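Each chain is listed here by its residues.
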Amino acid sequence: MTTNIRYKSRLVKSALEQEKQYVGFATLPNQVHRKSVKKGFDFTLMVAGESGLGKSTLVNSLFLTDLYKDRKMLNAEERINQTVEIIKHTVDIEEKGVKLKLTIVDTPGFGDAVNNTECWKPITDYIDQQFEQYFRDESGLNRKNIQDNRVHCCLYFIPPFGHGLRPVDVEFMKALHEKVNVVPLISKADCLTPGEMKKLKDRVKEEIEKLGIKVYQFPDCDSDEDEEFKQQDKELKESTPFAVIGSNTVVDVKGQRVRGRLYPWGIVEVENQSHCDFVKLRNMLIRTHMHDLKDVTCDVHYENYRAQCIQHMTSKLTQDNRIESPLPILPLPTPDVETEKLIKMKDEELKRMQEMLQKMQQQMHDQEQ
Amino acid sequence: MDATDIDKSSNEEKRNLSLGGHVGFDSLPDQLVSKSVAQGFCFNILCVGETGVGKSTLMNTLFNTMFENDEASHYQNGVYLRPRTYDLQESNVHLKLTIVDTVGFGDQINKEQSYKPIVDYIDTQFENYLQEELKIKRALFNCHDTRIHICLYFIAPTGHSLKSLDLVTMKKLDSKVNIIPIIAKADTISKSELHKFKIKIMSELVSNGVQIYQFPTDDEAVTEINASMNAHLPFAVVGSTEEVKVGNKLVRARQYPWGVVQVENESHCDFVKLREMLIRVNMEDLREQTHARHYELYRRCKLEEMGFKDTDPDSQPFSLQETYEAKRKEFMGDLQHKEEEMRQMFVNKVKETEAELKEKERELHDKFEHLKRMHQEEKRKVEEKRRDLEEEMNAFNRRKVAAETLQAQSLQAASQQPLKKDKDKKN
């Protein structure tokens with residue numbers, strides 16, 4: 001009898017439990033969404049490449065604003081000995097309540113001078129500076145208002161006029177691939193026929209792989225995504241490096257006003273997928289992978305920098321103190337380097353004297369024998 | 001005095017006469033033409049531009065043939081020039097065409113020395129011609145003229161202005177060769193941008209004093225067309241060797257998803273203008289300019305360098321022969337002097353090394369003697385010590401013997417004493 005009663009009560013319980021089992025943390029994504037919209041986002045994009053490849057036009061086309069008003073272009077004469085500058089433009093843009101603080105880091109003068117040795121040095125220094133500043137802020141006492149100025153993505157413009165990558169392109173990407181997400185682009189793609197474009201893309205991909213340049217890789221999509229998404233993702237990965245065209249002007253095509261370039265032989269539409277990969281780039285950069293770029297910068301590049309920095313500090317300490325020290329909190333004052341040197345010299349002299357004595361003894365021994 | 005008088009009189013005596021009938025020397029140009037056609041023409045083009053900017057394709061398009069050209073790589077260490085000679089024929093006119101390509105131009109990271117190989121090549125061609133001219137047994141009419149008649153400078157279509165490398169190179173070349181700047185791959189620039197680009201380029205060239213080739217406007221037959229073409233510089237060209245069907249014709253064009261760029265369509269690009277100017281109208285003028293202006297300038301500079309002048313201090317015309325002889329003597333004298341110096345130096349050096357060696361020998365000898373003496377010293381000392389030791393041993397032995405005999409005696413004495421005592425007791 002008792003068993004029957006118990007059985008009944010259990011049935012009743014399970015119905016109630018079903019209601020109770022819904023805890024409610026399925027709303028977490030919504031909460032994250034709300035909070036992030038309130039906080040706003042920030043993104044730092046660096047554009048690099050020679051003058052005249054359409055960087056400013058592309059940035060304007062990507063973000064549909066006019067960031068570069070009244071630019072002063074230098075003459076060829078002034079550019080013979082030009083050095084690379086770093087110029088930041090910061091704009092606040094908003095879309096459907098989501099605020100984005102966009103910083104574009106421009107590098108005018110890159111590759112323009114006649115002698116371009118180490119012209120990427122100001123750029124790597126800038127990136128390191130941002131990392132260093134963040135590192136210091138992070139290790140500081142008051143961490144409320146850290147400004148994240150780290151560069152999240154670097155768009156590198158490859159000129160389409162050549163047969164592939166040039167030495168300056170290779171050197172630049174090699175200097176930067178471990179500090180920032182490098183996305184190579186083929187600029188001014190309206191000078192390539194479809195056949196030529198494929199050839200150039202294959203060439204560039206081959207050279208990048210052969211030279212071991214680590215450009216930004218799209219993350220593989222999860223296995224539980226639907227087929228269409230996976231197909232899109234595959235297409236995206238296969239069409240890198242993207243061949244892009246930018247335009248500041250709007251033209252009329254079949255009654256529609258689109259961004260494009262007007263030629264006597266036709267109109268190039270920027271947002272036409274069969275004309276260029278601009279849409280793919282925009283989707284990748286803004287609509288799907290912006291956060292992933294930020295994550296990779298924080299998790300990979302910044303961590304690498306931080307680890308290097310700390311290792312550098314510890315190795316310097318162990319060299320000077322000759323003791324095994326645990327993680328240092330503050331860098332200790334280094335002992336006098338001069339006396340160290342003197343001691344080392346004297347040690348060496350002593351050793352030499354000893355060796356000479358030994359030799360002489362050996363000689364005398366031989367002579368006696 | 002006499003010479004100048006004759007000159008003046010001959011000047012005054014030049015009169016214009018009218019002919020009574022047809023003599024026939026109006027066929028002189030025709031004779032000249034048939035002679036030069038029989039000889040064949042020769043034309044040398046230098047193409048300067050970055051790798052991949054379209055130099056080979058444009059040459060193929062201009063001359064409507066496929067010159068064999070493999071793609072150059074971007075990783076050359078320096079710039080080098082690659083001349084290729086072709087024999088072309090159209091109707092009954094032979095053309096010996098040499099196309100010189102600059103391989104590796106604009107690819108290096110440090111481009112400060114990029115212009116040097118080009119300038120050196122041009123100078124070498126001038127030098128060869130000058131040497132031929134100065135020879136005793138000349139064959140000028142037979143030799144293959146390799147001087148560059150035209151330099152086509154390919155400007156990359158950035159749309160903003162010239163690159164710094166372009167400016168530097170053109171400045172170095174403008175006094176040595178006829179330069180025609182062209183905008184390559186012009187199908188990437190829209191019409192309005194092209195207009196601005198051309199103006200910017202020309203203004204930069206003018207403000208930096210670069211002298212590009214101006215089509216001649218002194219010959220009435222071509223003055224009009226040349227003047228209008230001068231206003232279109234630099235030509236924006238598109239090259240293509242592929243043919244696309246447009247309408248119902250096959251034309252050379254580039255096919256894009258958004259349209260077809262026809263090479264020979266004047267509203268698409270300036271290729272037709274370039275071909276007109278370069279080949280159909282002004283080829284001969286280019287050759288003349290090269291010979292009359294650039295080559296003469298080179299020759300004058302070179303000879304002045306060697307010390308020749310047109311007139312000597314007494315303003316008597318110098319004979320080349322005498323100057324040459326004087327120079328030669330000077331040169332030989334210099335050579336001999338240098339030889340003497342070198343011989344002296346050599347002899348001095350030999351003496352020095354001999355002296356050093358002798359010194360060293362002497363030192364070694366001294367050391368050897370010193371060591372020998374020391375050795376003998378040591379030996380003597382050791383001998384002495386040995387003798388001392390032996391003496392000591394002998395002394396020790398003697399003492400030992402003495403001690404033993406003493407001991408033996410004392411023993412004997414001791415044994416005799418008790419006998420004596422016994423004897424006493426008995427008594």
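Residues numbered from 1 in each chain as written. Chains lettered and ligands numbered in written order. Predicted model: local features only at pLDDT ≥ 70, side-chain atom pairs only at ≥ 80, totals over all residues. Heavy atoms only, no water.

**What about the overall build of chain A?**
Looking only at helices and strands, chain A features ten helices and nine strands. Relative to its 369 residues, chain A shows a buried fraction of 39%. When contacts within chain A are restricted to residue pairs at least 6 apart in sequence, those whose partners lie at least 24 apart make up 67%. (Helix = DSSP H or I, 4+ residues; strand = E, 2+ residues; numbered from the N terminus. Buried < 20%, exposed > 50% of the residue type's maximum accessible area, 1.4 Å probe, protein only. Contact = heavy atoms within 4.5 Å.)

**Some thoughts on the overall build of chain B**
Each helix and strand in chain B was counted, giving ten helices and nine strands. At 49 Å, chain B has a C-alpha radius of gyration far larger than the 22 Å of a compact globule built from 427 residues. Over its C-alpha atoms, taken along the principal directions, chain B stretches across nearly 200 × 80 × 40 Å. Looking at chain B as a whole, 35% of its 427 residues qualify as buried. Long-range contacts, defined here as pairs at least 24 residues apart, represent 67% of the contacts in chain B between residues at least 6 apart. Working note: accessible area of chain B is about 28,500 Å², and carbon and sulfur atoms make up 53% of it. (Rg over C-alpha atoms; globule rule 2.2 N^0.38 Å. Areas by Shrake-Rupley, 256 points an atom, 1.4 Å probe, with all protein chains shown as cover.)

**Quick word on a negative patch on the surface**
Residue and element names in this part refer to chain B. Taken together, the side chains of Asp388, Glu390, Glu391 and Glu392 define an acidic patch exposed on the protein surface. On the secondary structure map, Glu390 appears in helix H10 (residues 320-426). On the basis of relative accessibility, which here comes to 44%, the residue Glu390 falls in the partly exposed class. (Patch = residues over 30% accessible without salt bridge, like charges linked within 9 Å, V, L, I, M, F, W, Y side chains within 5 Å. Salt bridge = Lys/Arg side-chain N within 4 Å of Asp/Glu carboxyl O. Lys, Arg positive; Asp, Glu negative; His and termini not counted. Charge placed at Lys NZ, Arg CZ, Asp CG, Glu CD.)

**Things to note about the packing of aromatic side chains**
This model, assessed by the stated rule, comprises 16 aromatic pairs over all chains. Centroid distance Tyr256(B) to Trp258(B): 5.0 Å. Interplanar angle 5°. Geometry classified as stacked. Here Tyr256(B) falls in the buried class, since its relative accessible area comes to 3%. What links up through ring pairs into an aromatic cluster is the set Phe131(A), Tyr134(A), Tyr302(A) and Tyr305(A). Taking the ring centre of Tyr129(B) as reference, the NZ or CZ of Arg147(B) above it sits at 3.6 Å. If you follow Arg147(B) out to its NZ or CZ, it ends over the ring of Tyr295(B), 4.8 Å from the centre. (Phe/Tyr/Trp six-rings, centres within 6.5 Å; stacked < 30°, edge-to-face > 60°. Lys NZ or Arg CZ within 6 Å of the ring centre and 35° of its normal.)

**Considering the UniProt feature "coiled-coil region" (unreviewed entry) in chain B**
The residues that UniProt annotates with the feature "coiled-coil region" (unreviewed entry) are residues 343-406 of chain B. For residues 343-406 of chain B, the helix share is 100%, the strand share is 0%, and the end-to-end C-alpha distance is 94 Å. (UniProt positions renumbered as here; feature names shortened; annotations may be inferred.)

**Brief notes about the packing of helix H4 (residues 121-138) of chain A against helix H5 (residues 167-176) of chain A**
All names here are of chain A. Viewed as axis vectors pointing N to C, H4 and H5 meet at an angle of 15°, and their least axial separation amounts to 10 Å. Considered as vectors, H4 and H5 are oriented roughly parallel to each other. As H4 runs across H5, the sense of the crossing is right-handed. Seen from H4, the contacting residues are Ile123, Thr124 and Ile127; seen from H5, they are Phe172, Ala175 and Leu176. (Axes fitted to C-alpha atoms, helices over the stretch in contact; angles between N-to-C directions. Parallel < 35°, antiparallel > 145°, perpendicular 65-115°, else oblique. Left-handed = near helix turned anticlockwise from the far one by under 90°.)

**A few points about the side chain of Arg150(A)**
All names here are of chain A. By secondary structure assignment, the location of Arg150 is in the loop between H4 and strand E4 (153-158). A polar atom in the side chain of Arg150 sits 2.8 Å from the side chain of Asp148. Dropping the residues within four chain positions of it, Arg150 is found in contact with Thr44, Gln130, Phe131, Tyr134, Cys298 and Tyr302. (Polar contact = N/O pair within 3.5 Å; in protein donor to acceptor, adjacent residues only side chain to side chain.)

**A look at the pairing of strand E7 (residues 250-253) of chain A**
Residue and element names in this part refer to chain A. Burial of E7 is one-sided: the residues Val251 and Val253 facing one way are buried, the residues Val250 and Asp252 facing the other way are not. Both E7 and strand E8 (residues 256-263) contribute to a ladder of four bridges, which runs antiparallel. Residue Val253 lies in a different strand from E8, and its bridge partner there is Gln256. Connecting E7 to the next strand, E8, in antiparallel fashion are two residues, including Lys254 with a positive phi near 50°. (Pairing = 2+ DSSP bridges.)

**Thoughts on the confidence of the model for chain B**
Interpretation of this model should avoid reading the predicted coordinates in detail wherever pLDDT is low. With 91% of its residues at a pLDDT of 70 or more, chain B has an overall mean of 84. Here the complex is predicted with pTM 0.72, and the ipTM for its interfaces comes to 0.71. (pLDDT = per-residue confidence, 0-100.)

**Let's talk about the UniProt feature "site: Important for dimerization" (unreviewed entry) in chain A**
Here the UniProt-annotated "site: Important for dimerization" (unreviewed entry) positions come out as Phe161(A). By secondary structure assignment, the location of Phe161(A) is in the loop between E4 and H5. Residue Phe161(A) is classed as buried on the basis of its relative accessible area of 6%. Look past the residues within four positions of Phe161(A) in its chain and what remains in contact with it is Lys188(A), Cys191(A), Thr51(B), Gly52(B), Val53(B), Ala156(B), Pro157(B), Lys185(B) and Thr188(B).

**Things to note about the side chain of Ser190(B)**
Residue placement: Ser190(B) occurs in the loop between strand E5 (179-183) and helix H6 (191-207). Looking at Ser190(B), the relative accessible area reads 8%, which means it is buried.

**Side note on the environment of Phe157(A)**
Residue and element names in this part refer to chain A. With respect to the secondary-structure elements, Phe157 resides in strand E4. Sequence spacing of Phe157 and Pro264 is 107 residues, and the spatial spacing of their C-alpha atoms is 26 Å. If we ignore the near neighbours within four places in the chain, the residues touching Phe157 are Val47, Ala48, Gly49, Leu53, Gly54, Lys55, Leu58, Leu185 and Ser187.

**A few points about the sheet that holds strand E6 (residues 242-243) of chain A**
Residue and element names in this part refer to chain A. In space, the six strands of this open sheet follow the order E2-E3-E1-E4-E5-E6, with mixed pairing throughout. At either margin of the open sheet sits one strand with a lone partner, and together these are strand E2 (87-95) and E6. On the sheet, H5 packs against strand E1 (41-48), E4 and strand E5 (182-186) and is oriented at approximately 170° with respect to E4.

**Points about the interface of chain A and chain B**
At the interface, 52 residues of chain A touch 44 residues of chain B. In total, about 4,000 Å² of surface goes out of reach between chain A and chain B, with carbon and sulfur atoms giving 55% of it. Here chain A and chain B share three salt bridges between them. Measuring nitrogen to oxygen at the nearest pair gives 2.9 Å for the salt bridge that ties Glu193(B) to Arg261(A). For the pair chain A and chain B, the interface holds 17 residue pairs in polar contact (both at pLDDT 80 or more). Mapped by element, the contributors of at least two residues to the side of chain A that touches chain B are H5, helix H6 (194-210), E8 and strand E9 (266-269) of chain A. Here the side of chain A that touches chain B takes five residues from H6(A), the largest share from any one element. (Buried area = accessible area lost by both parts, 1.4 Å probe.)

**Description of the environment of Thr103(A)**
Residue position: Thr103(A) is located in strand E3 (residues 98-106). Overall, the relative accessible area of 7% leaves Thr103(A) in the buried class.

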